[in-house]
Amino acid sequence: MNELSNQQRSIELLQQLGLKEYEARCFVALARLPKGTAKEINETSEVPRTRVYDAIRVLETKGLVEIQHSNPQQFRAVPIEEAAETLRQEYESRTDTLIEAIDNIEPAIPDGDEEITHEVWALSGTTAISNRTQQLIDAAGREIVLIVGRDEVITDGLLEQLQEALDTGLDVLVGTQTEELRKQIAEALPDAEVFVSGLEWLHSSPLEATDDTTISRLLLIDKNTILVSSVHETDTGGVETEKAVFGRGFDNGIVVIARRLMATGLPPRQDPDTTAED
């Protein structure tokens with residue numbers, strides 16, 4: 001990635017973290033300079049000189065820029081690690097405030113007492129799907145069965161969460177596509193049952209050779225909640241946006257089907273479709 005691309009990417013990321021464009025441009029300009037005047041910032045950032053002072057004032061208020069009251073005034077960015085921590089804390093604070101505000105909103109229609117078990121919902125984006133996966137695992141009360149179709153699904157955070165589930169007494173079963181990944185997970189989670197699933201159709205369709213869909217993950221929680229995600233692989237080996245569907249309830253058709261499909265890759269004694277609870 002060239003210098004110009006790095007600068008533009010940094011500006012975009014700063015905007016995503018709450019800075020306006022001119023503020024982000026001024027900060028990136030100062031990150032490239034030991035210190036600078038408004039004129040130098042203007043020349044480096046392409047921010048109009050009349051707007052530099054406004055942007056710097058905001059950055060100073062946020063704790064991202066220091067000012068030397070000389071003539072002319074000099075400005076410098078705080079160290080990038082310090083700036084990143086400041087932005088992270090502000091972002092988390094806004095997120096906490098958002099959660100509190102939304103939680104306090106009165107529902108337009110009160111929830112009924114009966115749990116809906118016949119709905120299937122869709123979700124897009126690897127981050128969103130990973131967060132939903134973690135949420136479902138956190139809500140588990142007895143058993144977690146995870147079939148991994150793509151190695152990228154297994155992250156340090158997910159392994160830590162599964163270990164926490166094991167520590168609380170939950171059964172954790174993890175199916176992989178390769179012996180190599182099985183060994184890796186078994187080493188990280190010695191108390192879990194880890195096995196090669198043998199579900200070849202996770203990566204390809206037995207009926208369509210041109211089908212480029214890969215099942216990323218199959219997650220079954222307490223034998224009544226299912227999440228299935230998939231990606232389309234490109235010719236260059238990359239992937240398009242991950243998409244998922246999930247549902248819950250013993251009477252939910254997709255849960256029943258997924259449970260029986262997953263059972264074909266599970267050791268017989270762990271077949272999720274042969275318990276007395278069903």
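As shown above, the structure is provided for reference.
Cut-off values and rules
- Residues numbered from 1 in each chain as written.
- Predicted model: local features only at pLDDT ≥ 70, side-chain atom pairs only at ≥ 80, totals over all residues.
- Heavy atoms only, no water.
- Salt bridge = Lys/Arg side-chain N within 4 Å of Asp/Glu carboxyl O.
- Helix = DSSP H or I, 4+ residues; strand = E, 2+ residues; numbered from the N terminus.
- Buried < 20%, exposed > 50% of the residue type's maximum accessible area, 1.4 Å probe, protein only.
- Phe/Tyr/Trp six-rings, centres within 6.5 Å; stacked < 30°, edge-to-face > 60°.
- Axes fitted to C-alpha atoms, helices over the stretch in contact; angles between N-to-C directions.
- Parallel < 35°, antiparallel > 145°, perpendicular 65-115°, else oblique.
- Contact = heavy atoms within 4.5 Å.

A. Seen up close, the pattern of salt bridges. Summed over the entire model, instances satisfying the criterion amount to 13 salt bridges. Residue Glu179 is joined to Arg182 by a salt bridge in which the shortest nitrogen-to-oxygen separation is 2.8 Å. On the criterion of helical spacing, the pair formed by Glu179 and Arg182 is a turn pair, its members being three residues apart in helix H8 (residues 179-188). With a closest N to O distance of 3.2 Å, Glu242 and Arg217 form a salt bridge. In this pair, Glu242 is assigned in the loop between strand E8 (225-232) and strand E9 (243-248) and Arg217 in strand E7 (residues 213-221), connecting sequence segments 25 residues apart. The same class applies to Glu242 as to Arg217, namely buried. Where salt bridges share partners, they join Lys62, Glu90 and Arg94 into one cluster.

B. Structural view of the packing of aromatic side chains. The full count for this structure, using the stated rule, is one aromatic pair. Look at Tyr53 and Phe75: their rings are 6.5 Å apart centre to centre, the planes differ by 75 degrees, and that puts the pair in the edge-to-face class. Within this pair, whereas Tyr53 is found in helix H4 (residues 49-61), its partner Phe75 is found in strand E2 (residues 74-77), the two being separated by 22 residues in sequence.

C. Spatial organisation of the packing of helix H2 (residues 21-31) against H4. Between H2 and H4, whose axes approach to 9 Å, the crossing angle comes to 80 degrees. The angle between H2 and H4 places the two elements in the roughly perpendicular class. Every residue of H4 that contacts H2 at Tyr22, Glu23, Cys26, Phe27 and Leu30 is listed here: Arg51, Val52, Ala55, Ile56, Val58 and Leu59.

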